[in-house]
Every structure is written in C-alpha cells, then in structure tokens.
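# Secondary and tertiary structure notes
The lines below spell out each chain.
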Amino acid sequence: MSSYLIYYTEANVVCIVIFAIMLFRGLTNVDRQEKQIKYDHALVAFMLYFICDACWAAVIAGVLPKNLFTVLLLNFCNYAFMAGITYMWLRYVMAVEHMPGRDSRRTQLVLLLPFFIATAALVITFFANRPFLLDEDLNLQPGYDLFQLAVPCVYIAAVVIYTLRRAIREKNPIERRTHLRVGVFPLMVVAGGLLQVFALRETPVFCFACTIFMIVFFINAMETQISTDPLTGLNNRGQLEHYTLQKSNLHREGRLTFTVMFDINDFKLINDTYGHAEGDQALIVVANSMRAAARKHAMPMFLARYGGDEFILIAHPTEAAQVDAMIRDIRGEIKAACAANGAPYTLSIGAGYSQLSGGEDTFQACARRADENLYLDKASKKSRR
C-alpha cells in the first residue's frame, strides 16, 4: 500500500504543479479576458480535486485515519470539486461560444440546479439508506459512484449537446471545427473518470486525462493570444501575414480568391464625440457582425483586424456574387446590432474588394486595389449625402 500511495500521490502532485504553472501564467497575463478567467477557475477546481484525491489515497493506504469523519469529508469534497470542474468548464465553453446572458444571475442559478438537487439527494440517501453509499467497514459502494458522476455527466452532456448543435448549424468550416473541438475534447475526461471508477481504481487515469486535456487547451490558448487581436478577437496583422505567405491559402482549386477591405465610417467622430470606450465598442460590434455574417456562408474565409478601424476579409467563393452577399450580410448584422444595443450613433462601414488573379499578381497588390476601391466606395456614399 505504501508504494501505491507514493505512486498515486506523485501523479497528483505532478498534475498539480503543471496546473499551477498554467494558473500562474494566466494570473500574470496583462490582458486577462473572460475566457482566460473562466479557464483559470477550472484550473483551481482541478487542483483542489487532486489535493483532496491524494488525501483520500492516503486514507486508503492507512497513512491517514479511516473513520466516518474523514471518509465523509474527503469524499464529499471530491464530489463537490468534481462537479465544480465540469461546472467551470461549462462556463468556459459559454464564454468561448459567446452565449448571450451567460453571466446573469438567472443563468448561473439554472446551471447550479443540478448540483443543488444531487447534493440534496446525496444527503437524504446517506441518512435514509447509508449502505447504498458505504458498507459497515466504510468502503465506498457503487451508489456513491453514481452520485460522483451524475452532476459532471449533466454538465458535460450540456457542453457536448450545445456545441454539436452549433457545429451542425455552422456553415463556416473553420468555425465548425472550433465548436467540435470545444465540445468533444471533454469526453476524454469523462472516459478517464469512468475507466478509473470502474476498472483501474488504483491508477490515476483521471488525473492524467485531465492534465493532457488542459494542456491541449492551454497550448491552444497561447496560440490564440499570439495570433488574435485582444479587443475584437479576430486574427491580428501577424496572423494575416502568416496566412498570406502560404500559397495554398490564397490559391484554392475550384475557387476564386478575393481580398475585401473594410473600415468604419466617421470612426474618429465616434471617438471624439462619445469617447474611446465607445469607439472600442464600435470595433467589437463590427468584428462580431463579421463573424455572424461569416457563419451564414459556407465558403472558406479569413477575417482579421488590419489596424485601427480597418478590417480585412480574404474570401474563397465559387463566384463573385458571394462576396457582394457577404458584404451585405455584414452591413445587415451591424445595423441589427446597433438597433439592439441602442447605440447613440449610426454605425456603418465602407467596403472595397479586388480579385486575386493568377500569374504575377500578389496579395499585396490585390490588397492595395481593394483599399483603393474601399475609398471609392466611401467617396461615392459621401457624395450621395
């Protein structure tokens, strides 16, 4: 039993150290966004669970006393922390998916209902039918495992169902892969937990599965921070350059390539009149509108913030009319968003595009033509006022 305890404890300590490193990196980030905060909360829940699980291993090994108090305390903490892990992950997914109303009191209460109901049922079961949970020697029974897994399974099921529904409705292939990745990866944790509970109780499979799972998302988060604009969440200028350096991205068989340049009309006036905070909000509205419009189109595309109030779209339609439809949809989304938000100003964008032809044509030349067409579009609209 001593070798079992050493092995099990070492595994938990290693996982805790890895999570602590990731947590420290998140807490010292100068630009902590909502997703990062939710991710850090999940890390804390994982660490608390591993600490408690290591203590329970010490009880099993006889290092800590096994009595009713220690058995109830440690296993209730394990139950609560396991539920907390999946609850925090659900909250993280809601932030990633930009779910509306996710931080309202009503939403948080609804999300906590499964935990409250299961906890009440667990307490009632303990007093009404203790053998269902513990035998006379204070060994855990399968009934406890049902409670241990019930709430996490509810939260994981909610994540999987929600993200799969988004993926099915998603027309943009890049966004679809994002939905699937966020939704399907937690199943690895569920598989690890089930394997440990029902087959390998003395092996920290769950610990290893959770650590691998969180490292994957940590690496992805680091890549996202490097490649995205912190305000709008779109790709940044560096990622744009990386994308356009690969010829396979610009020349796709059976498809055309268009560069579309956008900027916000009278953006300086918005900043000067309503303040830079409102100007930032205008940039966010445009970025979200571009994403929303992109979801309506099945063609491959790349969205980025070019700089200031300028945005760029690289689209790969099968015909030029799809680009015009995309621009119309973006403008429609902006108009709808402003109406919903009650913005005190009229937010609109100018747009110009050019097709990337073969031969010696380059992305830089195509972008310059699109930029020129953007200013022709803005001049045309001003002349009609």
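Preceding this paragraph is the structure being described.
Read on for a plain summary of the structure. (Residues numbered from 1 in each chain as written. Predicted model: local features only at pLDDT ≥ 70, side-chain atom pairs only at ≥ 80, totals over all residues. Heavy atoms only, no water.)

## Points about the packing of aromatic side chains
- The tally for this structure, following the rule as stated, stands at 15 aromatic pairs.
- Taken together, a centroid distance of 5.3 Å and an interplanar angle of 75 degrees make the contact between Phe19 and Phe46 edge-to-face. Highlighted residues: Phe19 in helix H1 (residues 2-27) and Phe46 in helix H2 (residues 34-61), separated in sequence by 27 residues. Residue Phe19 shares its accessibility class with Phe46, and that shared class is buried.
- In this arrangement the basic side chain of Arg237 is found over the ring face of Tyr306, its NZ or CZ atom lying 3.9 Å from the centre. (Phe/Tyr/Trp six-rings, centres within 6.5 Å; stacked < 30°, edge-to-face > 60°. Helix = DSSP H or I, 4+ residues; strand = E, 2+ residues; numbered from the N terminus. Buried < 20%, exposed > 50% of the residue type's maximum accessible area, 1.4 Å probe, protein only. Lys NZ or Arg CZ within 6 Å of the ring centre and 35° of its normal.)

## A word on a nonpolar patch on the surface
- Together, Tyr7, Met188, Phe208, Ile212 and Val216 make up a nonpolar patch on the protein surface, roughly 410 Å² of accessible area in all.
- The leading source of residues in the nonpolar patch is helix H8 (residues 205-227), at three residues.
- Of note, Tyr7 is situated in helix H1.
- By relative accessible area, which is 38% here, Tyr7 ends up partly exposed. (Patch = residues over 30% accessible without salt bridge, like charges linked within 9 Å, V, L, I, M, F, W, Y side chains within 5 Å. Areas by Shrake-Rupley, 256 points an atom, 1.4 Å probe, with all protein chains shown as cover. Salt bridge = Lys/Arg side-chain N within 4 Å of Asp/Glu carboxyl O.)

## Thoughts on the state of the cysteines
- This model, assessed by the stated rule, comprises one disulfide.
- Across the disulfide from Cys15 sits Cys207; the S-S distance is 2.4 Å. Judged by the sign of its S-S torsion, about 135 degrees, the bond between Cys15 and Cys207 is right-handed. With a gap of 192 residues between them, Cys15 in helix H1 and Cys207 in helix H8 connect regions that are remote in the sequence. Take Cys15 and Cys207: they sit in the same class, and that class is buried.
- Not part of a disulfide, Cys52 finds its nearest cysteine sulfur in Cys77, a span of 4.6 Å.
- Overall, Cys52 belongs to the buried group, its relative accessible area being 5%.
- With no disulfide of its own, Cys153 lies closest to Cys210 among cysteine sulfurs, the gap being 13 Å.
- By relative accessible area, which is 37% here, Cys153 ends up partly exposed. (Disulfide = S-S within 2.5 Å.)

## Things to note about the packing of helix H11 (residues 267-274) against helix H12 (residues 276-294)
- Interaxial distance between H11 and H12 falls to 6 Å at its minimum, and their mutual angle equals 140 degrees. Here H12 runs oblique to H11, going by the angle between their axes. Each of Phe267, Ile270, Asn271 and Tyr274 in H11 lies in contact with H12, whose residues at this interface are His276, Glu278, Gly279, Ala282 and Leu283.
- Of the residues in the contact of H11 with H12, the class split is five nonpolar, three polar and one charged. (Axes fitted to C-alpha atoms, helices over the stretch in contact; angles between N-to-C directions. Parallel < 35°, antiparallel > 145°, perpendicular 65-115°, else oblique. Contact = heavy atoms within 4.5 Å. Nonpolar A, V, L, I, M, F, W, Y, C, P; charged D, E, K, R; others polar.)

## Some words on the side chain of Asn236
- Secondary-structure assignment places Asn236 in the loop between H8 and helix H9 (237-245).
- Given the relative accessible area of 17%, Asn236 is considered buried.
- Of note is the side chain of Asn236, whose polar atom sits 3.2 Å from the backbone nitrogen of Gly238. (Polar contact = N/O pair within 3.5 Å; in protein donor to acceptor, adjacent residues only side chain to side chain.)

## So, the pairing of strand S2 (residues 301-307)
- Taken across its seven residues, S2 has five buried, putting it largely inside the fold.
- As paired strands, S2 and strand S3 (residues 310-315) are joined by six bridges and run antiparallel to one another. Across the sheet, Arg305 pairs through a bridge with Phe311, a residue of S3.
- Counting the residues in the hairpin turn of S2 and S3 gives two residues, including Gly308, whose phi is positive at 60 degrees. (Pairing = 2+ DSSP bridges.)

## Looking at the packing of helix H3 (residues 68-96) against helix H4 (residues 105-128)
- One way to put it is that H3 packs onto H4 with a least axis distance of 11 Å and a crossing angle of 160 degrees. Taken together, H3 and H4 sit at an angle that is classed as roughly antiparallel. As for how H3 packs across H4, the hand of that crossing is right-handed. Facing H3, whose interface residues are Leu68, Leu72, Phe76, Tyr79, Ala80, Ala83, Tyr87, Leu90, Arg91 and Met94, H4 presents Thr107, Gln108, Leu111, Leu112, Phe115, Ala118, Thr119, Leu122 and Phe126.
- Each residue belonging to the contact of H3 with H4 can be placed in one class, and the counts come to 15 nonpolar, three polar and one charged. (Left-handed = near helix turned anticlockwise from the far one by under 90°.)

## Focus on the pattern of salt bridges
- If you walk through the whole model with that rule in mind, you get 10 salt bridges.
- For Asp229, the salt bridge is made with Arg305, and the minimal N-O distance between the two is 3.3 Å. In this pair, Asp229 is assigned in the loop between H8 and H9 and Arg305 in strand S2, connecting sequence segments 76 residues apart. Of the two residues, Asp229 and Arg305, neither departs from the other in class, the shared state being buried.

## A closer look at the sheet that holds strand S1 (residues 258-264)
- Here four strands make up an open sheet; going across it, the order is S2-S3-S1-S4 and the pairing antiparallel. Because the sheet does not close on itself, it has two edges, and the strands there are S2 and strand S4 (349-355). Ignoring strand direction, the axes of neighbouring strands in this sheet form an average angle of 20 degrees.
- Along the sheet face, helix H13 (residues 321-341) touches S1, S2, S3 and S4 and points at about 165 degrees away from the line of S4.

## Focus: the nonpolar core
- In this structure, Phe19, Tyr39, Phe50, Trp89 and Met214 are the most contacted members of the largest nonpolar core, which totals 52 residues.
- Of all the secondary structure elements, the ones that give two or more residues to this core are H1, H2, H3, H4, helix H5 (142-169) and H8.
- The element best represented in this core is H3, accounting for 13 residues.
- Those residues in contact with Phe19, other than ones at most four positions away along the chain, are Leu43, Phe46, Met47, Phe50, Cys210, Thr211 and Met214. (Core = buried A, V, L, I, M, F, W, Y, C linked by side-chain atoms within 4.5 Å.)

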